[in-house]
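Listed here are the chains, written in short residue letters.
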Amino acid sequence: MMTGRKITFVAIFCSLVGAISACSRSPRVNFYTLTADASPVAVSQIRSGYSVSVDPVSLPELVDRSQLVIRAESNQVDILETERWAEPLKSQIPRLLADNLGKLLASDRVSAYPQSIGSEADYRIVVDIRSFEAAGDRVSVDAFWAVRRSGGALVKTGRSVIREPVGTGGTDSLVKGYSRALSAISNEIAAAIGDEARRN
């Protein structure tokens, strides 16, 4: 039978063990995905059903990681260990562009690498993302892109510099801002395809 002193010691010991366990737990990690955000309004009055293939995109090494990156100062960034992409951006971005272009071109024949391997699409899209950055109350995406015909003929090249306000809504607002920025780039690419299609 335990005495009062022993009971007190056991209670304190259990409390300490519980506190240590709580402190040793890893902080919760949140995961995010980009979402398609386009309406079929940018390209109108053209024949629908074009087949389009989105090639692998290139990304700066700074953001080609699982953690989200925030620019704190002109020469300093914060890598957010507990705020992460659910899958690599190099997988998400081509698929998102393909989803958007499918809606904008009213076509169910739009695919992204690697699903497009072996298919000969009417148009191929190449995107080189130079900057994918969050700073202050906005996100910005700076991308060079090219549209080519199936035989390799260059249709059009362009540069899209998109800035989206995100306010103070936290990481979720930041990710939605990136989705809107990529949607705007999709609109510009779709418009280039539409212009070329109307000429042919």
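See the structure printed just above.
This section reports on the structure supplied with the text. (Residues numbered from 1 in each chain as written. Predicted model: local features only at pLDDT ≥ 70, side-chain atom pairs only at ≥ 80, totals over all residues. Heavy atoms only, no water.)

**A look at helix H2 (residues 89–104)**
Move 1: When the terminal C-alpha atoms of H2 are compared, their 22 Å separation across 16 residues agrees well with the 22 Å that a helix rising 1.5 Å per residue should span.
Move 2: Those residues of H2 that sit buried are Leu89, Gln92, Ile93, Pro94, Leu96, Leu97, Ala98, Asn100, Leu101, Gly102 and Leu104.
Move 3: Those residues of H2 hidden inside the fold are in contact with strand E1 (30–32), strand E2 (52–54), strand E4 (76–85), strand E5 (110–112), strand E6 (123–135) and helix H3 (171–199). (Helix = DSSP H or I, 4+ residues; strand = E, 2+ residues; numbered from the N terminus. Expected span 1.5 Å × (residues − 1). Buried < 20%, exposed > 50% of the residue type's maximum accessible area, 1.4 Å probe, protein only. Contact = heavy atoms within 4.5 Å.)

**What about the nonpolar core?**
Move 1: Among the nonpolar cores identified, the biggest contains 46 residues, and Ile93 and Phe132 are the most heavily contacted of them.
Move 2: Of all the elements in the fold, those that place two or more residues in this core are E2, strand E3 (67–73), H2, E5, E6, strand E7 (138–149), strand E8 (154–165) and H3.
Move 3: In terms of residues, this core owes the most to one element, H3, which gives 11 residues.
Move 4: Contact partners of Ile93, with chain neighbours within four places excluded, come to Leu34, Val57, Leu59, Ile129, Phe132 and Leu182. (Core = buried A, V, L, I, M, F, W, Y, C linked by side-chain atoms within 4.5 Å.)

Just geometry here; none of it tells us what the structure is for.
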